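# Working through the structure, step by step
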Amino acid sequence: IHFYKRTQCDQMNGCGHVPGSTSSLYNWQEVTPGFLSACSSLKLGELCHDDMFGLFEAMSAIEMMDPKMDAGMVCNRANTTPITWDMALEKGELVLEGISAGLEPGEVVVMVDQTLACFVTWLEGHSLAQTVLTNLYLHQVDKVQCVVVKAVCVVALKLVELVKDIIGKAGVYEEEDFQPLTYGFRLCQDVTEQRCIAGLREAEEVLGREVRRTKAREGVERSEKEEQEHQEFTALQCRVKFLRLFYCGLSALYRGDTSEGVRVVGGCSEILAAISVGIGNQRVLEGGRVKGFEPLANQRLLPPTFPRY
């Protein structure tokens, strides 16, 4: 490792270059021997700092490349390589055609529950890249072909955008309370509120037909698998309805229609009792990872910060 100090050029114009030349703004001089000599005279625990670097800056500093201090180093400690969107698609963890291509409704239920759990964790002050955006389906929503899965993905991103705007306009949060940074991800800004709600209603209709198809008929015996399929379709329909009402309620409150917002959000509380009941099979992959999610997918996007988990 070599250390350098920069010295400013004597003659510069307003563009930061020496007139009549292609030289850069600074000249660099190697100071490695002197720097190492100065460091050798410091005792353990001593710190040489500038006048502008006080106690507050020292307490807020991040020791980069230290796993206990730098969240980006978690990737280097992981036993497996983080799964990308393309890798998950090849492994069959992402099924773009959704339920029509063999994706079980119970797997979609688990995906919705995990997304909502990540959404709440984001609201508690964690990074969006480490919570909601660990859902790989949200990385390329346009390529999802299933009506149900796409509607869930779109409303998840629209909820993030809506909540971020509400909290941002209120301006009553500290940095450690809420992180609005989206890391360059698209939040379906081109999808209007009416189009998002229409997609959710279409998903509800599709699931309603499946619920009626798998419903028990008088005098007809059903296997345990058929009963489980019916319960999973019913659970998924309740979750899609909850997302629709929740989004409609927040949108009404954002527009200033308090009465409508309170009425719709009140309807969400009635559905909570139904969706709070688990479906039994959680379908968790090896290492405790939920199918379609990758906790380390966006780890390299994070700035040096303390690990939040």
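Just so we're clear, the structure is a prediction, and the values are computed from it rather than from any experiment. (Residues numbered from 1 in each chain as written. Predicted model: local features only at pLDDT ≥ 70, side-chain atom pairs only at ≥ 80, totals over all residues. Heavy atoms only, no water.)

## Re the overall build of the chain
Looking only at helices and strands, the chain features nine helices and two strands. Counted from the first residue to the last, the chain has its helices and strands arranged as β-β-α-α-α-α-α-α-α-α-α. Of all 309 residues assigned to the chain, the portion counted as buried reaches 38%. When the accessible surface of the chain is summed, it comes to about 18,800 Å², and 54% of that surface belongs to carbon and sulfur atoms. (Helix = DSSP H or I, 4+ residues; strand = E, 2+ residues; numbered from the N terminus. Buried < 20%, exposed > 50% of the residue type's maximum accessible area, 1.4 Å probe, protein only. Areas by Shrake-Rupley, 256 points an atom, 1.4 Å probe, with all protein chains shown as cover.)

## Focus on unusual backbone geometry
Within the chain, Tyr183 stands out as a residue other than glycine whose phi angle is a positive 60 degrees. Counting through the fold element by element, Tyr183 comes out in the loop between helix H6 (147-170) and helix H7 (193-213). Positive phi outside glycine occurs at Cys188, with the angle close to 55 degrees. Topologically, Cys188 is positioned in the loop between H6 and H7.

## Some thoughts on empty space enclosed by the protein
Scanning all chains against the criterion turns up two cavities of 30 Å³ or more. Contributing to the lining of the largest cavity are 11 residues, with Leu103, Glu107, Val108, Met111 and Lys291 lying nearest its centre. Considering every element that reaches the lining of the largest cavity, the biggest residue donor is helix H5 (residues 105-123), with four residues. In terms of residue class, the lining of the largest cavity is made up of seven nonpolar, no polar and four charged. Counted as a void, the second largest cavity has a volume near 70 Å³. (1 Å grid on protein atoms, 1.4 Å probe; cavity = no way out; pocket = protein on both sides within 12 Å on 5 of 7 lines; lining within 4 Å. Points joined across faces, edges and corners; volume = space filled by probe spheres on them. Nonpolar A, V, L, I, M, F, W, Y, C, P; charged D, E, K, R; others polar.)

## Here's the deal with the packing of H6 against H7
Each pair of packed helices can be summarised by the angle the axes make with each other and by the distance between the axes. Where H6 meets H7, the axes come as close as 9 Å, and the angle between the chain directions of the two elements is 145 degrees. In this structure, H6 meets H7 at a crossing whose hand is left-handed. Within the contact between the two elements, H6 uses Val147, Val148, Ala151, Val154, Val155 and Lys158 and H7 uses Cys196, Gly199, Leu200, Glu202, Ala203, Val206 and Leu207. (Axes fitted to C-alpha atoms, helices over the stretch in contact; angles between N-to-C directions. Left-handed = near helix turned anticlockwise from the far one by under 90°. Contact = heavy atoms within 4.5 Å.)

## What to know about helix H9 (residues 258-275)
Between the first and last C-alpha of H9 there are 26 Å, a value that for 18 residues agrees with the 26 Å anticipated at 1.5 Å per step. Within H9, the full set of buried residues consists of Gly261, Val264, Gly267, Cys268, Ile271 and Ile275. Where the residues of H9 are buried, they touch helix H8 (224-255). (Expected span 1.5 Å × (residues − 1).)

## Describing the pattern of salt bridges
By the definition in use, this model includes 12 salt bridges. With a shortest N-O distance of 3.8 Å, Arg186 and Asp142 are connected by a salt bridge. Here Arg186, found in the loop between H6 and H7, pairs with Asp142, found in the loop between H5 and H6; they are 44 residues apart in sequence, far enough to count as distant. Here Arg244 and Glu204 are joined by a salt bridge, their closest N and O atoms 2.4 Å apart. On the criterion of sequence distance, the pair formed by Arg244 in helix H8 and Glu204 in helix H7 is long-range, its members being 40 residues apart. (Salt bridge = Lys/Arg side-chain N within 4 Å of Asp/Glu carboxyl O.)

## Some remarks on a nonpolar patch on the surface
A grouping of Leu253, Val262 and Val265 is seen on the molecular surface, where their side chains present a nonpolar patch of about 220 Å² in accessible area. Along the polypeptide, Val262 turns up in helix H9. (Patch = residues over 30% accessible without salt bridge, like charges linked within 9 Å, V, L, I, M, F, W, Y side chains within 5 Å.)

## Thoughts on the nonpolar core
Residues Tyr137 and Val149 are the most contacted members of the largest nonpolar core, which totals 66 residues. Only helix H4 (85-91), H5, H6, H7, H8 and H9 provide two or more residues apiece to this core. A per-element tally of this core places H6 first, with 13 residues. For Val149, the contacting residues outside a window of four places in its chain are Leu103, Val108, Met111, Tyr137 and Val144. (Core = buried A, V, L, I, M, F, W, Y, C linked by side-chain atoms within 4.5 Å.)

## Looking at a negative patch on the surface
Together, Glu174, Glu175, Glu176 and Asp177 line one region of the surface with negative charge. Tracing the sequence through the fold places Glu175 in the loop between H6 and H7. (Lys, Arg positive; Asp, Glu negative; His and termini not counted. Charge placed at Lys NZ, Arg CZ, Asp CG, Glu CD.)

## Focus on the side chain of Asn298
Along the chain, Asn298 turns up in the segment after H9. Using a relative accessible area of 4% as the deciding quantity, one classes Asn298 as buried. In terms of polar contacts, Asn298 uses its side chain to reach the backbone carbonyl oxygen of Leu133, at 2.9 Å. Those residues in contact with Asn298 that lie beyond four places of it in its chain are Ala129, Leu133, Thr134, His139 and Phe185. (Polar contact = N/O pair within 3.5 Å; in protein donor to acceptor, adjacent residues only side chain to side chain.)

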